[in-house]
Amino acid sequence: MTFPQICTTLALLACLAPVAAQNNDAANALNLFQNLLRGGQPAPAAPQPTTPAGLAGGLLNGLVPGAAGPQAARPGAQDLVQLLSQSLEQIDEPKEIQIGRQLAAMLLGSKPLYPDMAMQRYVNQLGRWISLQSSRPDLPWTFAVLDDPGYNAFAAPGGYVFVTRGLLDRVADESELAGILAHEITHVTARHHLIAMNKAARTGLLTQVINSQLKNDIGGMVSSQLLTLGRNLYTKGLDQDDELDADRTGVALATRAGFDPYGLVAVLQQLRTAAPDDALFALSLSTHPPAQLRLNQLELAMGNRLDEYAGQPAITVAQRMSSLAAVNRRSAAQAPTQKAPPAKKKN
């Protein structure tokens, strides 16, 4: 068995974790998002994912930017703004994670989570497996699916990665999804978004109004400035060099995790044929270099050096989800039933 095949086997085993472990993992992820949206305040127990409302109901109350309640002011927001205006060397990993949590909250505020707990578990476990092969496996990696029909993926500093429902609907197989996740993971490990935000902040885009408004509604003002900076970053995209670096490193990372190295290539070929006026692809196309340029650069970087790891049997996301559902059903059927205690005899 080759190294990629071993890795693929391990990845499959990771995805086929026991039902109880999967439920705990999903509940922990929901609890994390609830805590994130409440600005670090203690979060209540995660809701039972029996219905769409059970998954997202606890989150939707505070998702809309500008809404009243805990979303409005976050402890430490003023420090974050000042931090982003300092030298990059002063932003250590805990501060990077803190910044990422606020940006992740912003992304969650733009779209709700996709109300399918099984899909959320699958993407989380797949992403975590790939992140373990990265240069920063110890980050608190968290992956989530946004309920949006567009074809997009986003990352925030500190280990937060989001993909859209529309992207999952359109990837041909698991290797394509793995290539996309590896691309976004690389943005995090290379601190691409953090560097871009730091550069923007130091040129005054974030701090130009702080001195004049510092005495008035500090939390709301700072949160507004951070949201503005984040929106600008995600609507305009990163520098071309960052995207090309994420392609090259992402392909190597996906291969190291045991997936076909040409998964990301197939994604780019699909983007190359997408119509520029197609609303589902519009944001992805506008925030990245032309797909043909990315393909050309990947061809130069890859050559035929990864060909021996290609040609693995393709597994679609639907097939993987079906397999997971079957395993869950068997596990649930084999789980010991809890017997009721014997009734006490009446005197």
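All figures in this text were calculated on a predicted structure; none of them were measured in a lab. (Residues numbered from 1 in each chain as written. Predicted model: local features only at pLDDT ≥ 70, side-chain atom pairs only at ≥ 80, totals over all residues. Heavy atoms only, no water.)

Peer 1: Pulling in residues and values, what's your account of the overall build of the protein?
Peer 2: Counting its secondary structure elements, the protein contains 16 helices and three strands. With 347 residues in all, the protein has 47% of them scored as buried. Within the protein, residue pairs in contact and separated by at least 24 positions form 72% of the contacts whose partners lie at least 6 positions apart. Split by element, the accessible area of the protein, about 16700 Å² in all, is 55% carbon and sulfur. (Helix = DSSP H or I, 4+ residues; strand = E, 2+ residues; numbered from the N terminus. Buried < 20%, exposed > 50% of the residue type's maximum accessible area, 1.4 Å probe, protein only. Contact = heavy atoms within 4.5 Å. Areas by Shrake-Rupley, 256 points an atom, 1.4 Å probe, with all protein chains shown as cover.)

Peer 1: Break down the sheet that holds strand β3 (residues 160–164) for me, citing the residues and quoting the values.
Peer 2: With mixed pairing, three strands are arranged side by side in an open sheet as β1-β3-β2. Lying at the two open borders of the sheet, with one neighbouring strand each, are β1 (142–146) and β2 (153–156). Neighbouring strand axes in the sheet, compared pairwise and without regard to direction, differ in orientation by 20° on average. Summarising the sheet, β2 and β3 pair through four bridges and their orientation is antiparallel. (Pairing = 2+ DSSP bridges. Axes fitted to C-alpha atoms, helices over the stretch in contact; angles between N-to-C directions.)

Peer 1: Hey, could you go over the pattern of salt bridges for me, with residue numbers and the actual values?
Peer 2: On inspection of all chains with the given rule, the structure shows eight salt bridges. As a salt-bridge pair, Arg-136 and Glu-96 come within 2.8 Å of each other at their nearest N and O atoms. In this pair, Arg-136 sits in the loop between α6 (117–132) and β1 while Glu-96 sits in helix α5 (residues 93–110), placing the two residues 40 residues apart along the sequence. Accessibility classification places Arg-136 together with Glu-96 in one group, the buried group. Bridged by salt links that share partners, the residues Glu-93, Glu-96, Arg-136 and Arg-191 form one connected network. (Salt bridge = Lys/Arg side-chain N within 4 Å of Asp/Glu carboxyl O.)

Peer 1: Tell me about helix α12 (residues 240–256), and name the residues and values.
Peer 2: Here α12 spans 24 Å end to end across 17 residues, near enough to the 24 Å set by a 1.5 Å rise per residue. Listed as buried for α12 are Asp-242, Glu-243, Leu-244, Ala-246, Asp-247, Gly-250, Val-251, Leu-253, Ala-254 and Thr-255. In the stretch just after α12, Gly-258 is the one whose phi turns positive, near 100°. (Expected span 1.5 Å × (residues − 1).)

Peer 1: Can you lay out the confidence of the model for the protein for me, pointing to particular residues and giving the numbers?
Peer 2: Across the protein, the average pLDDT comes to 76, with 67% of residues at 70 or higher. By mean pLDDT, helix α3 (residues 52–60) is the weakest element of the protein at 31, and helix α8 (residues 174–189) is the strongest at 98. Confidence over residues 209–219 falls short of pLDDT 50; this stretch has ten contacts with residues more than four positions distant or in other chains. (pLDDT = per-residue confidence, 0-100.)

Peer 1: Lay out the pairing of β1 with the relevant residues and their values.
Peer 2: Summarising burial for β1: five of the five residues are buried, a large majority. Residues Thr-142, Ala-144 and Leu-146 of β1 are buried on one face, and the alternating residues Phe-143 and Val-145, pointing to the opposite face, are buried as well. Where β1 meets β3, five bridges bridge the pair, whose relative direction is parallel. Directly across from Ala-144, in β3, lies its bridge partner Phe-162.

Peer 1: Residues and numbers for unusual backbone geometry, please.
Peer 2: Of note, the phi angle at Arg-191 is positive, near 60°, even though the residue is not glycine. Within the secondary structure, Arg-191 is located in the loop between α8 and α9 (192–202). Residue Arg-191 is classed as partly exposed on the basis of its relative accessible area of 22%.

Peer 1: I'd like a rundown of the side chain of Arg-320, residues and numbers included.
Peer 2: Within the element layout of this structure, Arg-320 appears in helix α16 (residues 317–334). Of the residues examined, Arg-320 reaches a relative accessible area of 6% and is grouped as buried.

Peer 1: Talk me through the environment of Gly-230; I want residue IDs and the actual numbers.
Peer 2: Mapped onto the fold, Gly-230 is located in helix α11 (residues 218–236). Judged by its relative accessible area of 0%, Gly-230 falls in the buried class. Considered as a pair, Gly-230 and Gln-102 are 128 residues apart in the sequence and their alpha carbons are 9.3 Å apart. What Gly-230 contacts, discounting residues up to four positions off in sequence, is Leu-103 and Met-106.

Peer 1: Quick one: what's the story with the packing of α12 against helix α15 (residues 291–302), residue by residue and with numbers?
Peer 2: Where α12 contacts α15, the axes come no closer than 10 Å and their chain directions differ by 45°. With respect to each other, α12 and α15 are oriented oblique. The crossing of α12 and α15 is right-handed. From α12, Gln-240, Leu-244, Asp-247, Arg-248 and Val-251 reach across to α15, where they touch Leu-293, Arg-294, Gln-297, Leu-298, Ala-301 and Met-302. (Parallel < 35°, antiparallel > 145°, perpendicular 65-115°, else oblique. Left-handed = near helix turned anticlockwise from the far one by under 90°.)

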